[in-house]
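An overview of the molecular structure
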Amino acid sequence: MEGSGVRQIDLLDSTLRDGAQSGGIAFSVEDKLQIVEILDSLGIPFLEAGNPGSNPKDLEFFRKAAHLQLRHTRLVAFGSTVRKGEDPMADSGLRALLEAGTEYCSVFGKSSLLHVEKILQTTPEENLRMIRETCRYLAGCGRKVLFDAEHFFDGYQQNAQYALQTVDAAVDGGACGVVLCDTNGGQFPQAVAAVTAALRDHLPENLSLGVHFHNDCGLAVANTMAAVDAGADHVQGTYLGFGERCGNADLSTLIPNLQYKQAYACIPPENLVLLHAAAVKLASVANIKLPAGAPYVGSNAFRHKAGMHADGVMKLSCSFEHIDPEIVGNQRRFPASEMSGRKVVFQKIRAIYPDAAFDSQETAEVLRTIKQMERDGYQFEDCDASFELLVRRRMEHCPPFFELINYNILSAKPSEPDCGARATVKVRVGNQVQLMAAEGNGPVHALDQALRAALEVFYPVLAQAHLIDYKVRVLDAQEATAAKVRVLITSTDGDHIFTTMGVSGDVVEASWAALSDSIAYALLKWQQKTRNAPQNRRNAKWE
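A brief look at the structure comes next. Not measured: the values here are computed from a predicted model.

Comments concerning unusual backbone geometry
In this model, Arg245 sits at a positive phi of 55°, which is unusual for a non-glycine residue. Mapped onto the elements of the fold, Arg245 is located in the loop between β8 (234-237) and α10 (251-261). If you check the backbone angles, Asn287 has positive phi at about 60° while not being a glycine.

Following this line, the structure appears as structure tokens:
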């Protein structure tokens with residue numbers, strides 16, 4: 001490890017609360033329960049799981065979550081201070097917090113005099129009462145209270161004396177921790193460090209001091225690290241960084257930054273290797289594509305395309321990598337492309353077949369095939385799944401998982417929603433033939449539905465795999481509608497995220513190639529998994 005000194009930093013993940021406010025994110029109760037288990041297995045200490053007073057779904061979640069057998073994670077219910085002029089005992093939101101049954105509660109209140117006067121439209125004294133009595137009421141009911149000082153950094157810069165009074169009110173009311181929030185996401189690390197240090201000196205030494213940063217200036221991770229160095233011992237964020245507006249501090253980046261780079265204690269050390277797998281699983285549940293450029297956990301984090309970089313890494317990994325990717329459970333990638341060179345392509349082949357010989361006929365055939373396919377419009381640098389399937393098809397002599405006999409598509413103006421096309425697919429698996437038909441909101445969707453329906457008869461495990469991204473790229477715009485297209489399909493099976501492609505002058509044919517490869521790759525990964533765990537083999541049909 002780099003750095004010196006060991007200090008415990010308590011992490012609070014807000015994926016299920018702040019993350020759920022991100023555009024395009026909608027968690028079901030079951031989704032939320034899955035995410036709890038993913039983050040618990042990683043060793044995240046606290047999980048802010050929703051606002052039970054805001055909707056019935058969150059309250060239902062807390063009721064079901066109470067039965068989970070968690071090893072590391074404590075759930076935290078989130079809500080606001082009592083309404084102005086009201087008694088905490090009569091506040092429905094606070095009653096819902098108590099009904100959630102969590103040991104810890106997060107309550108937010110205003111620390112900016114501007115917000116007190118212009119947004120709450122109340123007096124400074126009444127706001128302090130709301131904070132103090134809310135914390136006192138919840139603490140008196142046996143809850144450990146974290147006070148989220150909303151707009152604290154902005155409020156401190158506008159009127160430091162009043163901002164301090166708000167956190168003092170929370171402490172007087174019995175809060176066990178204060179969280180300084182950069183709610184607008186506009187702070188810079190130098191200012192953050194100064195304010196955090198001032199608060200660490202101001203607050204009782206035994207009181208937890210936390211921070212919560214938004215990423216509107218792209219500095220949420222940097223601000224969090226500056227705050228930790230200045231004395232914060234509690235860090236909030238979301239595991240993949242998504243959240244309100246531009247998102248939150250990304251815990252998948254912060255954990256290795258703090259724990260591996262600076263030797264703070266965040267999660268059990270042996271769990272660092274789970275960071276990439278947790279990112280893939282969480283992205284799958286959230287139904288988003290894991291950003292390729294995400295530090296540490298993205299597919300591009302240890303990807304070397306330039307020939308000089310790839311050659312350097314193969315000779316000495318630290319020449320172009322700041323850490324070994326295996327530390328966070330990721331892997332080194334050398335995209336196969338015309339820039340890569342024979343040596344890089346061979347290394348990729350060796351990753352699949354460790355005994356492959358550099359000058360073998362099979363290796364030469366793979367190289368020739370790649371060059372020809374790239375001339376035809378294929379681009380393997382972003383499609384490791386298609387590359388692996390190509391290599392295996394050239395170097396193995398085993399039967400495919402399935403063979404297409406034919407498909408037929410009928411597309412028309414839909415008479416009802418999501419039924420713009422019908423597809424029939426006829427496939428052969430071993431000695432058996434299966435014919436299935438399905439409807440979809442377009443020809444590719446209908447084809448996907450029909451193919452899955454046909455193959456799930458033989459491979460029920462396909463129900464766990466699904467498409468998360470679909471892209472079409474025109475290769476020669478001058479050809480207009482007669483141009484070739486490249487289709488990229490990104491899929492997940494819950495454990496892996498992978499991309500496959502197809503190229504054709506017919507967008508449906510190109511989509512079929514990418515789609516069928518995505519299913520073949522999902523089956524390949526599951527076959528490898530079941531071979532390594534024979535007791536699970538009964539869950540899938542391979543022969």
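From this point on, the discussion continues.
Some thoughts on the sheet that holds strand β4 (residues 104-110)
Taken together, the 8 strands give a closed barrel; going around it, the order is β1-β2-β3-β4-β5-β6-β7-β8, and neighbouring strands pair in parallel fashion. If you compare each strand with its neighbour and ignore which way they point, the axes differ by 25° on average. The strands touched by helix α9 (residues 220-229) within the sheet are β6 (177-182), β7 (208-213) and β8, with β7 carrying the most contacts at an inclination of about 165°.

So, the layout of surface pockets
The calculated volume of the largest pocket comes to roughly 1400 Å³. If you go around the largest pocket, you meet 44 residues; those closest to its centre are Gln331, Arg332, Arg333, Asp384 and Tyr521. Mapped onto the lining of the largest pocket, the elements with two or more residues apiece are α11 (275-286), α12 (307-315), α13 (341-352), α15 (384-395), β13 (485-492), β14 (497-504) and α17 (507-532). Of the residues belonging to the lining of the largest pocket, the class tally is 18 nonpolar, 10 polar and 16 charged.

Regarding the environment of Lys305
Examined against the element boundaries, Lys305 turns out to sit in the loop between α11 and α12. In this structure, the C-alpha to C-alpha distance between Lys305 and Ile288, residues 17 residues apart in sequence, is 25 Å.

Thoughts on the environment of Gly53
Of note, Gly53 is situated in the loop between β2 (46-48) and α2 (56-65). With 43 residues separating them along the chain, Gly53 and Ala96 place their C-alpha atoms 5.0 Å apart.

Comments concerning the packing of aromatic side chains
Each aromatic ring pair is described using two quantities: the centre-to-centre distance and the angle formed by the ring planes. One pass over the structure, following the stated rule, counts 11 aromatic pairs. Between Tyr378 and Phe380, the ring centres sit 6.1 Å apart and the planes meet at 15°, which makes this aromatic pair stacked. This pair shows no difference in class: Tyr378 is buried, exactly as Phe380 is. An aromatic cluster is present here, built from Phe152, Phe153, Tyr156 and Phe213 joined pairwise through their rings. Note that Arg17 overlies the ring of Phe78, its terminal NZ or CZ placed 3.8 Å from the centroid. Here the guanidinium or amino end of Arg392 rests over the ring plane of Tyr353, the centre of that ring lying 5.5 Å away.

Observations concerning the pattern of salt bridges
Taken as a whole and assessed by the stated rule, the structure comprises 22 salt bridges. For Arg129, the salt bridge is made with Glu126, and the minimal N-O distance between the two is 2.7 Å. You can see Arg129 and its partner Glu126 sitting in helix α5 (residues 124-140), 3 residues apart, about one turn around the helix. For Arg129, a relative accessible area of 19% translates into the label buried. Residue Glu126 is classed as buried on the basis of its relative accessible area, which comes to 16%. With a closest N to O distance of 3.0 Å, Glu439 and Arg422 form a salt bridge. One end of the pair, Glu439, is in strand β11 (residues 432-440); the other, Arg422, is in strand β10 (residues 421-429), and 17 residues separate them in sequence. Residue classification places Glu439 among the partly exposed residues on the basis of a relative accessible area of 34%. Residues joined by salt bridges that share partners form a network here, namely Arg17, Asp18 and Glu48.

Parameters and conventions
Residues numbered from 1 in each chain as written. Predicted model: local features only at pLDDT ≥ 70, side-chain atom pairs only at ≥ 80, totals over all residues. Heavy atoms only, no water. Helix = DSSP H or I, 4+ residues; strand = E, 2+ residues; numbered from the N terminus. Pairing = 2+ DSSP bridges. Axes fitted to C-alpha atoms, helices over the stretch in contact; angles between N-to-C directions. Contact = heavy atoms within 4.5 Å. 1 Å grid on protein atoms, 1.4 Å probe; cavity = no way out; pocket = protein on both sides within 12 Å on 5 of 7 lines; lining within 4 Å. Points joined across faces, edges and corners; volume = space filled by probe spheres on them. Nonpolar A, V, L, I, M, F, W, Y, C, P; charged D, E, K, R; others polar. Phe/Tyr/Trp six-rings, centres within 6.5 Å; stacked < 30°, edge-to-face > 60°. Buried < 20%, exposed > 50% of the residue type's maximum accessible area, 1.4 Å probe, protein only. Lys NZ or Arg CZ within 6 Å of the ring centre and 35° of its normal. Salt bridge = Lys/Arg side-chain N within 4 Å of Asp/Glu carboxyl O.

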